[in-house]
Amino acid sequence: MNGNFRTHSDDDHDEGLDPDLTLLFDTGSTPGPVTGEAFLNSVVLEMQRARRLRLIRQVASVTLIMVIGALAAPYAARGTLLAAEWLMERPSGTGTATFVSFAAYACASLIAWGIARRARSD
Amino acid sequence: MKRALSQKALAGADEVSVVICAMAGDDDAYGELVKRRQGSIRQLFRRLCRDPAHADDLAQQTFLQAWRTVDTLKSPAAFGGWLRRLAINTWLQRVRAEKPLVSTTDLDELPDEAAQPTLSEQLDLDSALANLPPDVRLCITLAYAERMSHREICEATDLPLGTVKSHITRGAARLRKLLGAYA
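Residue numbers restart at each chain and count upward from 1, following the sequence in its written direction. Chains and ligands are labelled sequentially in the order written, the chains with letters from A and the ligands with numbers from 1. Two thresholds apply to this predicted model, a pLDDT of at least 70 for residue-level local features and 80 or more for giving and counting side-chain atom pairs, whereas whole-chain, interface and lining totals are computed over all residues. Computation of side-chain values covers all heavy atoms of the structure but excludes hydrogens and water.

Enquirer: Could you give an account of helix 12 (residues 161-178) of chain B, naming the residues involved and the relevant values?
Expert: Residue and element names in this part refer to chain B. Secondary structure follows DSSP: runs of H or I at least 4 residues long count as helices, runs of E at least 2 residues long count as strands, and numbering of each begins at the N terminus. Multiplying 1.5 Å by the helix residue count minus one yields the expected span of that helix. In this model helix 12 runs 25 Å from its N-terminal to its C-terminal C-alpha over 18 residues, within 8% of the 26 Å that 1.5 Å per residue would give. Here the term buried applies to any residue with accessible area under 20% of the maximum for its type, exposed to any over 50%, and partly exposed to those in between, with areas from a 1.4 Å probe on protein chains only. Taken residue by residue, helix 12 has Val 164, His 167, Ile 168, Gly 171, Ala 172, Arg 174, Leu 175 and Leu 178 as its buried positions. Projected down its long axis, helix 12 carries its buried residues within an arc of 165°, all on one side. Facing away from the buried side of helix 12 by more than 90 degrees, the exposed set consists of Thr 169 and Lys 177. For this quantity, the arc is that covered by the directions from the helix axis to the C-beta atoms.

So this is what it looks like as structure tokens:
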């Protein structure tokens, strides 16, 4: 009855099983309400239904992302433009001062040292 | 849907090859696995639930769950055991959703009417099994019908080994009583 499932030899399973009950379980088999073919068809139908649902969910997710993207795009573009404008309009000396400061020099030196070390180890 | 082997080739192929195809997303290969395994899984559920239609629902649920997760299977050769474990989990989830599993003590506290079955019940193993508490029925079915060792049952059901042994011993005694005709 369950030959396909057995993973151990029968000796491993003896563990005090009642031989009469064992025999009864081996011989007694309840017929199902549907045939194997009908059962298989119902499983296949469910698989197809699940696949369709998954596809619908994926399409819906992509559509939702696209709609949100389309709605948010003008705001994102406006934000980018404002940021660019702010960068353009701020005092030009600030950037230069940052780059020539001691801290910037120290950072650049550290980065250069790291790159040189890695190049040596390779 | 990927397609690796024809229906005819699938029918003749060994299970490991079919499982590999199913793991790669071949639905026909998975259908072949359902065809091969449905008998034992449905029979297991029919032993566990009295209602054959409900048993088939649970079997279908198990096969669908297996289909969704078959690609996570570590070894194609382990498909049978993995599927059976899924079936046991499906059953346990269903039982636990209905009510908490009863302890062995409850086995002794069953009403007397269960101890004196009708003549037809004496001859009907499934009816006798239905008189056992769900966890005892599960242990008995796995031990006698699926030939699983106590340790395997313990691992599959997460019940302590002592409980499994006790369920099997006391459940078998109870079954013998219920099936008095042959005891």
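Still to come is the rest of the account.
Enquirer: Quick rundown of the packing of aromatic side chains? Include the residues and the values.
Expert: Each aromatic pair joins two rings of Phe, Tyr and Trp (for Trp, the six-membered one) with centres within 6.5 Å, and gets the label stacked for planes under 30 degrees apart, edge-to-face for over 60, and tilted for any other angle. Applying the stated criterion across every chain yields a total of three aromatic pairs over all chains. Plain terms: the ring middles of A:Phe25 and B:Tyr144 are 5.5 Å apart, the flat faces sit at 20° to each other, and that makes the pair stacked. Here the residue A:Phe25 occupies a position in helix 1 (residues 19-27), and B:Tyr144 occupies one in helix 10 (residues 134-145), the pair thus bridging two chains. Among the residues examined, A:Phe25 registers a relative accessible area of 0% and is labelled buried.

Enquirer: Any chance you could break down the pattern of salt bridges for me, citing the residues and the numbers?
Expert: Each salt bridge in this description consists of a side-chain nitrogen of Lys or Arg and a carboxyl oxygen of Asp or Glu lying within 4 Å of one another. Under the criterion given, the structure shown has nine salt bridges over all chains. Put simply, B:Arg176 and A:Asp18 hold a salt bridge, and the shortest N to O gap is 2.6 Å. Taken together, the positions of B:Arg176 in helix 12 and A:Asp18 in the segment before helix 1 put the pair across two chains. The salt bridge partner of B:Glu15 is B:Arg37, with a shortest N-O separation of 2.7 Å. In this pair, B:Glu15 sits in helix 2 (residues 15-23) while B:Arg37 sits in helix 3 (residues 27-48), placing the two residues 22 residues apart along the sequence. In this structure, a network of salt bridges that share partners links the residues B:Glu32, B:Lys35 and B:Arg36.

Enquirer: Can you tell me about the confidence of the model for chain A, naming the residues and giving the values?
Expert: Residues and elements named next belong to chain A. Known as pLDDT, the predictor's per-residue confidence is scaled from 0 to 100. Confidence along chain A averages 79 in pLDDT terms, with 73% of residues attaining 70 or more. Predicted confidence in chain A is weakest over helix 3 (residues 92-99), with a mean pLDDT of 62, and strongest over helix 2 (residues 36-89), with 92. In the model, residues 1-13 has pLDDT below 50 throughout and makes 28 contacts with residues more than four positions away in sequence or in other chains. The criterion used for residue contact is that any of the two residues' heavy atoms lie within 4.5 Å.

Enquirer: Would you mind going over the confidence of the model for chain B in detail, with residue names and values included?
Expert: On average, residues of chain B score 82 in pLDDT, and 82% of them are at 70 or above. Interface confidence for the predicted complex, given as ipTM, is 0.71, next to a pTM of 0.67.

Enquirer: Can you explain the state of the cysteines? Please cite residues and give values.
Expert: Residue and element names in this part refer to chain B. The term disulfide is used for any two cysteine sulfur atoms that are within 2.5 Å. Inspection of every chain in the model, using the stated rule, returns zero disulfides over all chains. Looking at Cys 154, it has no disulfide partner, and the nearest cysteine sulfur is the one in Cys 139, 9.4 Å off. Given the relative accessible area of 17%, Cys 154 is considered buried.

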